[in-house]
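Fold and contact review
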Amino acid sequence: MHLDHLRWLGGSNLYVSRPVVIACLELEELTGRETTDFVGFAERLVPLLPGLAEHHCSAGRPGGLLEAMARGTYFGHVTEHVTLELSSMIGREVFFGRTVWAGAPGRYDVILECPRDEPPEVSVIGDLIELALRTVTELLNGRTPVLGADLAAIASVYGQTRLGVSTAALAAAARRRGIPVRRMGHLNLLQLGHGRHRRTVWAAMTDRTSAIGMETATDKMLTKRLLADAGLPVPRGYVVTTADDAVTIFREIGGPVVVKPLSGHHGEKVSIELSDPHEVADAFHAASSVCDQVLVESYVPGRDHRVLVVGNRIVAAAELSAARVTGDGRSTIAELVAAANADPARGEGHDRPLTRLALGDTELGHLARQGLHPGCVPASGEVVPLRRNANLSTGGTSKDVTERVHPDVARLCRRVAATIGLDVCGIDLRLPDIGAPLPPDAGTAGVIEVNASPGLRMHLAPYEGRPHDVAADIIDQMYPPGASARVPLAAVTGTNGKTTTVRMIAHLLGQDGRRVGMCTTEGVYIGTELIYKADASGPRSAEMVLGNQTVEAAVLETARGGIVRRGLGYDRADVAVITNITEDHLGVDDIVTIDDLVEIKALVAEEIRVGGHVVLNAEDANVAALADRPAVRRRKPVVRFFGLSAANPVIERHLRLDGIAYFVDDGWLVEAQGGRTSALLPVTDVAGSFGGQADYLIANALAAAAAARALDVPASMVARGLRTFEPHRCNPGRGCSFRIDDNPVVVDYAHNPAAVAAVGELLGRVWGREGVAAVTLPGDRCDDLVTDTARAVARSFGRVVVYEDEDLRGRRPGEMTRLIISGLTETRPGIRFLTAGDLKDAVGIALGTAAPGEPVLLLYEKLQPVADLLQTLGAVPTSWTAGSSG
């Protein structure tokens, strides 16, 4: 077996609403083989990975996997479960897995859940799959795999790349509030919320944290000076740059003293309670390895405390103890350290609630000062300090004392936070008792440091006492209860009309002054500005819109390709619009049937907020049926049907149930609920509808009206927006009409049978004659779909010019031309077809073939070359009103 490739889907997808990776496996010599073909395989696998005995598999109960292996199952499925178990063994808790046939013998897609905030570029999941493959292969070959070193290496990478404890807690707290969360790359930087409500947080530093406050807190001497000037108790101290100066200050202050780097962090190279000049000199050399400037300050007796201030509120307090072990009368200090480090709560750095104990130079020196060494055996119950300074980053522990904080201490901490100017800060204090009034004598209590972006783990998971959800306090400071973190969001999918409907909805939302972010196949727009030109209908473009802080509403074209290859780019929408589902993209991304397309497009309807809206085409049976889909019904949606006629059975039944629908009645676009109707505007007034003759455009307008009304746009503004949706300005490349000399030219992106039939019918209806079509079609569709689309062209046009786009999408030159001509001639043997070398030739031949006044339909792949050519030819944009001829 081998891993062919991986594909990461970061958003909701066809399998789960969480990120997954799809691993394509080639089983090779194991193709068609099952576990029962290898006697004893399962019996050797389970002792190696005992947790597999608890895997449910499809049975839905523990032991399900064992039953499947006993019956016989294929090795892609086994690899899935081995990968999940290995993932669990490194603390990477994910549970979903599925294995499906990938369209060829021996080829399987293994779908595996990934942690929400795991960066896609990290190697962890790929390494786990490779280790799972090696494990299965070695067992089949009669060898016993040794997993320890490989698994430890993967665990190390996972620990280094996953969110830190504080940031992970902030992400979880935000999600509990329903606030969107997006991790930025591999950093501990989170983007929260959408659009104008977007905020960022980096560990416990928010986007409102003062830069001056951060710089001040980093400079310990400046902090000391500002606090002293404000009348707050701080230890006396001075900055030095030589060991001699450090000793001089020690003698001036009088011992004991503390020596630490001026700009250090995490308790690194901090030496406390020094009473000997030689100790001070040694401590200086240690501290100066971190920072050239070293702070020497008087030692404040008492206990170490950390108080967390969020938005001028004391939200938690902890008493800190230095790293230590407690003897059992049998074990050496080194053995006690190893036993403590076996606690899964301890890890390297800040990835666990506690940091692993060390026996480095600092610890060995402190033991030596006590007359001890790592081989000593402490008595039972004897506490052996490993360090002097109490800091979680060096193995210390915390005890919650939040309920004991005296009001005097609370007032002191609020003053400290205000003086330094931080919205979130951790204040290090030394006090005899945090539950008592501040002692009046100088030097008996003091503010030791102020920490910007303080660690939260001592409060989230204290070694002793009650945990406090301080991450939720920070999120509540950023988003006070009741504050919105989202902007109105409409997602649009379907086969035809997506781009037009997206543009219409955005135009309607803009009628009441909202700044709308929009992504379509033509690019990303913020307001009227094109900020990113591309086929922008996937998750990256959605994130671009939702991350823009000027956006007040978002409308996202959500195409098949993005869903299949990357998942959705948002977590849930307020409104989902499905325009229609017809044959297109068959043969692409393993899409074989119309049912495959329905499964993909349905995801957009399923991923709405509870109580959100789904706008469905009542005239498309596949779309209308989505209203009864269980995953949609679980969202308790408001269903809004649209269709060209009130006589549609789906609409009639929906209205009888007091539902909401949009349709055409007596020449008017109408909104109805139950037995009540409200006219919006005449169909002839809908801009771009060729005086109401373009049924497909009217259908798009009904869908857009339904979405806009769901987003609280007043009916009068909907009507105004549909009247002003001028196609050349608002919808370029979709049903736009021009005049070149005596010939009307209609430019459209129709590229499948249904779309071509609709446009062909429109030209016949408007001009009363067939006209000429200049046609190209996308090369990444299957042969049958290309020829079916060509047949639709032949049914509407007796003269066709065929050309190929510059981007052949994997086809050979001339291949698409032959397929199109085949479809044309099979349907209409007497059809006149001509071939052209490129777009310019095709338009020239079509205009030369058309009689004066005859319409020309131009189908294209990329709009900009069309726009440039039409400008060169002097094409004049035309607009339509009822009764006009273009």
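The notes below deal with the structure included here.

Procedures and definitions
- Sequence positions are assigned chain by chain, starting from 1 and proceeding in written order.
- Side-chain atom pairs in this predicted model are given and counted only at pLDDT of 80 or more, local residue features only at pLDDT of at least 70, and totals for whole chains, interfaces and linings cover all residues.
- As a rule here, side-chain values cover all heavy atoms of the structure and leave hydrogens and water aside.
- Side-chain atoms within 4.5 Å are what join buried Ala, Val, Leu, Ile, Met, Phe, Trp, Tyr and Cys residues into a set we call a nonpolar core.
- Partly exposed residues are those whose accessible area sits between 20% and 50% of the maximum for their type, while under 20% is buried and over 50% is exposed, using a 1.4 Å probe and protein chains only.
- Per the convention used, a helix needs a DSSP run of H or I reaching at least four residues, while a strand needs a run of E reaching at least two, with both numbered from the N terminus.
- By definition in these notes, contact holds between two residues if any of their heavy atoms fall within 4.5 Å.
- The pairing test for Phe, Tyr and Trp rings, Trp by its six-membered ring, is centres within 6.5 Å, and the orientation test on the planes gives stacked under 30 degrees, edge-to-face over 60, and tilted for anything in between.
- Between N-to-C directions, angles cover 0 to 180 degrees, with each direction set by a line fitted to C-alpha atoms, over the stretch in contact for helices.
- Here is the rule for angles: anything less than 35 degrees is roughly parallel, anything more than 145 is roughly antiparallel, 65 through 115 is roughly perpendicular, and the remaining ranges are oblique.
- Definitions for this section: a left-handed crossing has its near helix turned counterclockwise from the far helix by less than a right angle. A right-handed crossing has that turn clockwise.
- Classes in brief: Ala, Val, Leu, Ile, Met, Phe, Trp, Tyr, Cys and Pro nonpolar; Asp, Glu, Lys and Arg charged; the others, Gly included, polar.
- By this rule the span expected of a helix is its residue count minus one, scaled by 1.5 Å.
- Every case where a carboxyl oxygen of Asp or Glu lies within 4 Å of a side-chain nitrogen of Lys or Arg is listed as a salt bridge.
- Any two strands between which DSSP finds at least two bridges are classified as paired.
- Whether a set of points on the 1 Å grid over the protein atoms alone is a cavity depends on a 1.4 Å probe fitting there but being unable to get out, while an open set qualifies as a pocket with protein on both sides within 12 Å along at least five of seven lines; lining residues are those with an atom within 4 Å of a point.
- Grid points are joined across faces, edges and corners, and a volume is the space filled by probe spheres set on the points.

Description of the nonpolar core
- The biggest cluster of nonpolar side chains holds 76 residues, and the ones touching the most others in it are Val555, Leu669 and Leu824.
- The element that contributes the greatest number of residues to this core is helix H23 (residues 695–710), accounting for 12 residues.
- Discounting residues that sit within four places of it in the chain, Val555 has contacts with Ala490, Val492, Val502, Ile505, Ala506, Leu509, Val516, Gly517, Met518 and Cys519.
- With 46 residues, the next largest nonpolar core counts Ala573, Leu597, Ile600 and Ala624 among its residues.

A closer look at the packing of aromatic side chains
- A full pass over the atoms with the stated rule returns five aromatic pairs.
- Ring centres of Phe690 and Trp767 lie 6.3 Å apart, and the angle between their planes is 70°; this geometry places the pair in the edge-to-face category. Here Trp767 lies in helix H26 (residues 753–767) and Phe690 lies in the loop between strand S32 (676–682) and H23, a separation of 77 residues in the sequence. An identical accessibility class is assigned to Phe690 and Trp767; each is buried.
- Members of the aromatic cluster, each reached through a chain of ring pairs, are Phe38, Phe41 and Phe75.

Description of the packing of helix H16 (residues 498–509) against helix H24 (residues 715–723)
- At a minimum axis distance of 9 Å, the contact between H16 and H24 shows a crossing angle of 125°. Looking at the two axes, H16 sits oblique to H24. Crossing handedness for the pair H16 and H24: right-handed. Side by side, H16 and H24 meet where Met504, His507 and Leu508 of the first sit next to Met717, Val718, Gly721 and Leu722 of the second.
- Looking at the contact of H16 with H24, its residues break down into five nonpolar, two polar and no charged.

Focus: unusual backbone geometry
- With an omega of -5°, the peptide bond running from Gly255 to Pro256 counts as cis.
- Although it is not a glycine, Glu273 sits at a positive phi angle of roughly 55°.
- Along the chain, the position of Glu273 falls in strand S11 (residues 271–274).
- Given a relative accessible area of 38%, Glu273 falls into the partly exposed group.
- Notably, Asp712 is not glycine yet its phi reads approximately 70°, a positive angle.
- Structurally, Asp712 is set in the loop between H23 and H24.
- A relative accessible area of 64% means that Asp712 is categorised as exposed.

Thoughts on helix H4 (residues 124–140)
- In this model H4 runs 24 Å from its N-terminal to its C-terminal C-alpha over 17 residues, within 8% of the 24 Å that 1.5 Å per residue would give.
- Of all 17 residues that make up H4, 12 are buried, and the element is covered over most of its length.
- Those residues of H4 not exposed but buried are Val124, Ile125, Gly126, Leu128, Ile129, Leu131, Ala132, Leu133, Thr135, Val136, Leu139 and Leu140.
- Where H4 is buried, its residues meet strand S1 (2–9), strand S2 (20–26), helix H1 (41–48), helix H3 (75–89), strand S4 (107–113) and helix H5 (148–161).
- Looking at the residues trailing H4, positive phi occurs at Gly142, about 85°.

Thoughts on the environment of Leu262
- Tracing the chain through its elements places Leu262 in the loop between strand S10 (257–261) and S11.
- As a C-alpha pair, Leu262 and Val240 span 22 residues in sequence and 9.3 Å in three-dimensional space.
- Once residues within four sequence positions are removed from consideration, Leu262 is found in contact with Thr218, Asp219, Lys220, Met221, Val239, Cys291, Gln293, Val294 and Leu295.

What to know about the pattern of salt bridges
- All told, the structure shown has 48 salt bridges when counted by the stated rule.
- Residue Glu113 pairs with Arg18 through a salt bridge whose shortest N-O separation is 2.9 Å. Taken together, the positions of Glu113 in strand S4 and Arg18 in the loop between S1 and S2 put the pair 95 residues apart, joining distant regions of the chain.
- Looking at Glu113, the relative accessible area reads 8%, which means it is buried.
- Taking relative accessible area as the criterion, Arg18 reaches 27% and is therefore assigned partly exposed.
- Shared partners join several salt bridges into a network, and the residues in it are Lys224, Lys260, Glu297 and Glu449.

Things to note about the sheet that holds strand S8 (residues 205–206)
- Spatially, four strands are ordered S5-S6-S7-S8 in an open sheet, and the strand pairing comes out antiparallel. Of all strands in the sheet, those bounded by a partner on one side alone are strand S5 (181–183) and S8.
- Here three bridges tie S5 to strand S6 (residues 189–192), and the two strands are oriented antiparallel to one another. Note on S6: the bridge partner recorded for Arg182 is Gln191.
- Helix-sheet contacts for helix H6 (residues 165–176) involve S5, S6 and strand S7 (199–202), and the interaxial angle to S6 is about 10°.

Looking at the side chain of Glu449
- In this structure, Glu449 sits in strand S21 (residues 446–452).
- Relative accessible area serves as the criterion here: at 18%, Glu449 is assigned to the buried category.
- Excluding residues within four positions of it along the chain, Glu449 makes contact with Lys220, Lys260, Gly426, Ile427 and Asp428.

What about the sheet that holds S11?
- Across the sheet, which stays open at both edges, the four strands sit in the order S9-S12-S10-S11 with antiparallel pairing between neighbours. Either end of the sheet is taken by a strand with one partner, and the two such strands are strand S9 (237–240) and S11. Within this sheet the neighbouring strands show an average axis-to-axis angle of 20°, counted without direction.
- In this structure, S10 lies alongside strand S12 (residues 294–298), joined through five bridges in antiparallel fashion. Bridge pairing in S12 places Val259 opposite Val296.
- Sitting on the sheet, helix H9 (residues 243–253) touches S9, S10, S11 and S12, and the angle it makes with S9 is about 165°.

Remarks on the environment of Leu546
- Mapped onto the fold, Leu546 is located in helix H17 (residues 539–546).
- In this structure, the C-alpha to C-alpha distance between Leu546 and Ala624, residues 78 residues apart in sequence, is 29 Å.
- Residues in contact with Leu546, not counting those within four places in the same chain, are Gly193, His194, Gly195, Leu489, Ala554, Leu556, Gly569 and Tyr570.

Focus on empty space enclosed by the protein
- Taken as a whole and assessed by the stated rule, the structure comprises three cavities of 30 Å³ or more.
- If you go around the largest cavity, you meet 13 residues; those closest to its centre are Lys220, Thr223, Lys224, Ile448 and Glu449.
- Each residue belonging to the lining of the largest cavity can be placed in one class, and the counts come to eight nonpolar, one polar and four charged.
- As a volume, the second largest cavity reaches approximately 50 Å³.
- Together, 14 residues line the second largest cavity, and Ser537, Gly538, Pro539, Thr558 and Gly569 are the ones closest to its centre.
- Counting only elements with at least two residues in the lining of the second largest cavity, the list comes to H17, strand S26 (553–557) and helix H18 (560–566).
- Split by residue class, the lining of the second largest cavity holds seven nonpolar, six polar and one charged.

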